[in-house]
Amino acid sequence: MRLLTHNMLASNVRGATTGYPLTLEVTKWCTKEVELNADFIRGLLPKIDWRALVAATRALGLPELLPEDQPPEEEIFAEGAADVEGSAIRRIHHALLEVHVQEGSLVCPDTSRCFPINKGIPNMMLHEDEV
């Protein structure tokens, strides 16, 4: 599961007021290289909950990957930034698209319901009494 996916998921368990953001508990993760597409990141960034993304990178043990506050767009999309190793756009791209959670769980912040992640796939199925 990519952190992009985590950023979009919410719990629909009965009793959950927001169900977002899900707390990420990771036991196994890996990286898979993906070609950077600055236009894709530019279109995606307004839809991303920055605080949830930062919390996810912290849960992975990568506190240095993203700053606490989102960098300004001028810095992220500066001309030539995509070519600079360690630039803001490269770090954001890496966090959203190249980091894959293989095993772990997602925990609802309202109900503490745990959704397992197995082989990179989060199981968000609800039991009958949770609907």
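Here, every reference points to the structure presented above.
This structure is a prediction, so every number in the text was calculated from the model and none was measured.

Describe the overall build of the protein chain, and please don't skip the residues or the numbers.
What the protein chain contains, in helices and strands, is 5 helices and 4 strands. Compactness check: the protein chain gives a C-alpha radius of gyration of 16 Å against a globular reference of 14 Å for 131 residues, within 12% of the reference. The dimensions of the protein chain, computed from C-alpha atoms along their principal axes, are 55 × 25 × 25 Å. Buried positions account for 40% of the 131 residues belonging to the protein chain. Restricting to contacts in the protein chain with at least 6 residues of sequence separation, those with at least 24 account for 65%. Approximately 7,400 Å² of the protein chain is accessible, and the part contributed by carbon and sulfur atoms is 51%. In the protein chain, 12 side chains carry a positive charge and 20 a negative one; their mean positions are 5 Å apart.

Quick rundown of the environment of Glu64? Include the residues and the values.
With respect to the helices, strands and loops of the structure, Glu64 is situated in the loop between helix 3 (50-59) and helix 4 (73-76). Look at Glu64 and you get exposed, because its relative accessible area is 61%.

Explain the packing of aromatic side chains to me, using residue names and the numbers behind them.
All chains considered together, the criterion is met by 0 aromatic pairs. Residue placement shows Arg42 over the ring face of Phe77; its charged tip is 4.1 Å from the ring centre.

Which residues make up the sheet that holds strand 3 (residues 114-118), and what values do they have?
With antiparallel pairing, 4 strands are arranged side by side in an open sheet as 1-2-3-4. Pairing within the sheet leaves two strands with one partner each, and these edge strands are strand 1 (23-31) and strand 4 (121-122). When strand 3 meets strand 4, the two strands line up antiparallel, connected through 2 bridges. Of the residues in strand 4, the one forming a bridge with Asn118 is Ile121. Across the sheet, helix 5 (residues 88-98) touches strand 1 and strand 2 (99-107), and the angle it forms with strand 2 is around 65 degrees.

Procedures and definitions
Residues numbered from 1 in each chain as written. Predicted model: local features only at pLDDT ≥ 70, side-chain atom pairs only at ≥ 80, totals over all residues. Heavy atoms only, no water. Helix = DSSP H or I, 4+ residues; strand = E, 2+ residues; numbered from the N terminus. Rg over C-alpha atoms; globule rule 2.2 N^0.38 Å. Buried < 20%, exposed > 50% of the residue type's maximum accessible area, 1.4 Å probe, protein only. Contact = heavy atoms within 4.5 Å. Areas by Shrake-Rupley, 256 points an atom, 1.4 Å probe, with all protein chains shown as cover. Lys, Arg positive; Asp, Glu negative; His and termini not counted. Charge placed at Lys NZ, Arg CZ, Asp CG, Glu CD. Phe/Tyr/Trp six-rings, centres within 6.5 Å; stacked < 30°, edge-to-face > 60°. Lys NZ or Arg CZ within 6 Å of the ring centre and 35° of its normal. Pairing = 2+ DSSP bridges. Axes fitted to C-alpha atoms, helices over the stretch in contact; angles between N-to-C directions.

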